[in-house]
Amino acid sequence: MRAGRVPRLRRDTHAEKKSSLRYILAMLEPIYLDHAATTPVRPEVREAMEPFFGPRFGNPSSMHRWGREARVALDEARERVAACLGARTDEVCFTSGGTESDNLAVLGAWRSRRVAGRNAVVSTPIEHKAVLGAVHQAGREGAEERLCAMTSDCVVDIDAFGQLVGEDVTIASVMWVNNEVGTIQPIGELAATANERGVLFHTDAVQAFGKLTIDAAAVPFDFLTISGHKIGAPKGCGAIFVRRGTVIEPLFHGGTQDRGRRPGTENVAMAVGLARAAELALAERTEECHRLTSLRERLEREILEQVPEAVIHGRAVRRAPHISSISVPGTESESMLMALDLQGIACSAGSACQSGSVTPSHVLTACGVRPDIANAAIRMSLGSLTTDAAIDRVAQVFPALVRKARGQPPASRPEPVGA
Ligand SMILES: *Cc1c(COP(=O)(O)O)cnc(C)c1O
């Protein structure tokens, strides 16, 4: 008797919740499921930045009181970002975002380290275009480009990586969490392998920061990229970790700011915003990851229950908690995205930079996914705006849109009495 009572009690509570006005209103609101593309600026971040658009406008290189005040704010921001990465203060360099940090790492290392006999650059085919573009640029400058093989689960093949990373390599770059599928790459092992062979190692941790433990004291990467707008800071700010003693060729030339690694008057407001966002992300990490994991699990479970043939990429391996990449055979991502948008649900096909173009995701293709399945991929990425009500609504709408896309009748409803 007692065993039967518990679920009934739970069902009642859930029904009650579902009939509340707040819940019904939440079901009508537009749903943002694209946190891997960008996130809203957090009010705390905005507040921290505000004074630097007003009275605290000084140039950190100036000697006077305005300058000194800006310098103090910048130094503090650097210290706080460093603390979030397990780094020393002088190992953090502020940039305009993930793309610049990725370019600075790959091209900066390649240009400063290239010598006869050490002219290869290693990366993976699932990287963000910022890394792939930098690797191709190195190629145009004479580098031999080597992309590592992937498993069908969208994880780097460690043995293949070991074979590519020899003493003829300047730098290897492998992302920590893939932005389309969410799979976690074995960065500890890869960085150690590169390290043993005297090869510099960069990791794009844009999607990993705030989700996984990142500790520069524990993992031997030489460079690490983070981006502000993926963690609640504005677009156009980021940072790169450069391990002490590692020389890189700057992308820009001019002043001596940031030890010459990044000349140009520092964006103090952005540095302060990034520091605040990074601290908040870390403070909330454990709880937020639990929340997102259970929301995503429920979303995937409910979609699979109604559309059993749906393919959830990387589901068999470790993934960061905020990304779900789903392909339903017989559908096509462009029209599904439009149909979802009409229902007020914002998702993306792979990465944001690719949406609008019909080419299938380079990530899924590189992992051996069939072209028709790759062409059907929908990325749903969860974050601060994702609520229980949002997941309920997506779990309800998505299967209905799938049936419509395939020309199937809507899910059967009980016949009205007497009909
Ligand atoms: C968004 C993103 C970038 C680019 O960062 P920006 O700050 O937008 O330039 C790089 N790598 C990954 C994995 C990303 O998700």
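Please read all numbers here as calculations on a predicted model, not as lab measurements.

## Focus: the sheet that holds strand E7 (residues 223–227)
Reading across the sheet, the seven strands line up as E2-E8-E7-E6-E5-E3-E4 and stay open at both edges, with mixed pairing between neighbours. One side of each edge strand has no neighbouring strand; the edge strands of this open sheet are strand E2 (92–95) and strand E4 (144–147). In this sheet, neighbouring strand axes are inclined to one another by 20 degrees on average, regardless of whether the strands run parallel or antiparallel. Sheet topology note: the strand E5 (residues 169–173)/strand E6 (residues 200–204) ladder contains three bridges and is parallel. Its bridge partner lying in E6, Ile171 is registered against Leu200. Taken strand by strand, helix H5 (residues 98–113) contacts E2, strand E3 (120–123), E5, E6, E7 and strand E8 (238–242), and its axis lies near 160 degrees from that of E7.

## A look at the confidence of the model for the protein
Of the residues in the protein, 92% have a pLDDT of 70 or more, and the chain-wide mean is 92. Low pLDDT, under 50, characterises residues 1–10; the stretch is placed with zero contacts to residues that sit more than four places away or in other chains.

## A closer look at the sheet that holds strand E12 (residues 377–381)
Pairing within the open sheet is antiparallel, and its three strands lie in the order E9-E10-E12. Among the strands making up the open sheet, the edge pair consists of strand E9 (311–312) and E12. Looking at chain direction, E9 and strand E10 (residues 323–327) are connected through two bridges and run antiparallel. Paired with Val311 across the two strands is Ser327, which belongs to E10. Seen against the sheet, helix H10 (residues 285–306) touches E9, E10 and E12 and runs at an angle of roughly 10 degrees to E10.

## So, the site of the ligand
Residues in contact with the ligand amount to 13 residues; listed here are only the nearest, Thr99, Asp204, Ser227, His229 and Lys230. With respect to the ligand, the side chain of Ser227 contributes an N or O atom lying 2.7 Å from an oxygen atom. A distance of 2.8 Å separates an oxygen atom of the ligand from a polar side-chain atom of Lys230. For the ligand, whose accessible area on its own is 380 Å², the fraction buried by protein is 88%. Here the shell around the ligand gets three residues from one element, more than from any other, and that element is H5.

## Regarding helix H9 (residues 268–283)
Between its terminal C-alpha atoms H9 stretches 23 Å, which fits the 22 Å expected from 16 residues at 1.5 Å a residue. Among the 16 residues that make up H9, twelve are buried, leaving the element largely enclosed by the rest of the structure. When H9 is considered as a whole, its buried residues turn out to be Val268, Ala269, Met270, Ala271, Val272, Gly273, Leu274, Ala275, Ala277, Ala278, Leu280 and Ala281.

## What to know about the environment of Thr359
In this structure, Thr359 sits in the loop between strand E11 (345–346) and helix H12 (362–366). C-alpha of Thr359 to C-alpha of Asn375: the two residues are 16 residues apart in sequence and 7.7 Å apart in space.

Thresholds applied
- Residues numbered from 1 in each chain as written.
- Predicted model: local features only at pLDDT ≥ 70, side-chain atom pairs only at ≥ 80, totals over all residues.
- Heavy atoms only, no water.
- Pairing = 2+ DSSP bridges.
- Helix = DSSP H or I, 4+ residues; strand = E, 2+ residues; numbered from the N terminus.
- Axes fitted to C-alpha atoms, helices over the stretch in contact; angles between N-to-C directions.
- Contact = heavy atoms within 4.5 Å.
- pLDDT = per-residue confidence, 0-100.
- Near = heavy atom within 4 Å.
- Polar contact = N/O pair within 3.5 Å; in protein donor to acceptor, adjacent residues only side chain to side chain.
- Areas by Shrake-Rupley, 256 points an atom, 1.4 Å probe, with all protein chains shown as cover.
- Expected span 1.5 Å × (residues − 1).
- Buried < 20%, exposed > 50% of the residue type's maximum accessible area, 1.4 Å probe, protein only.

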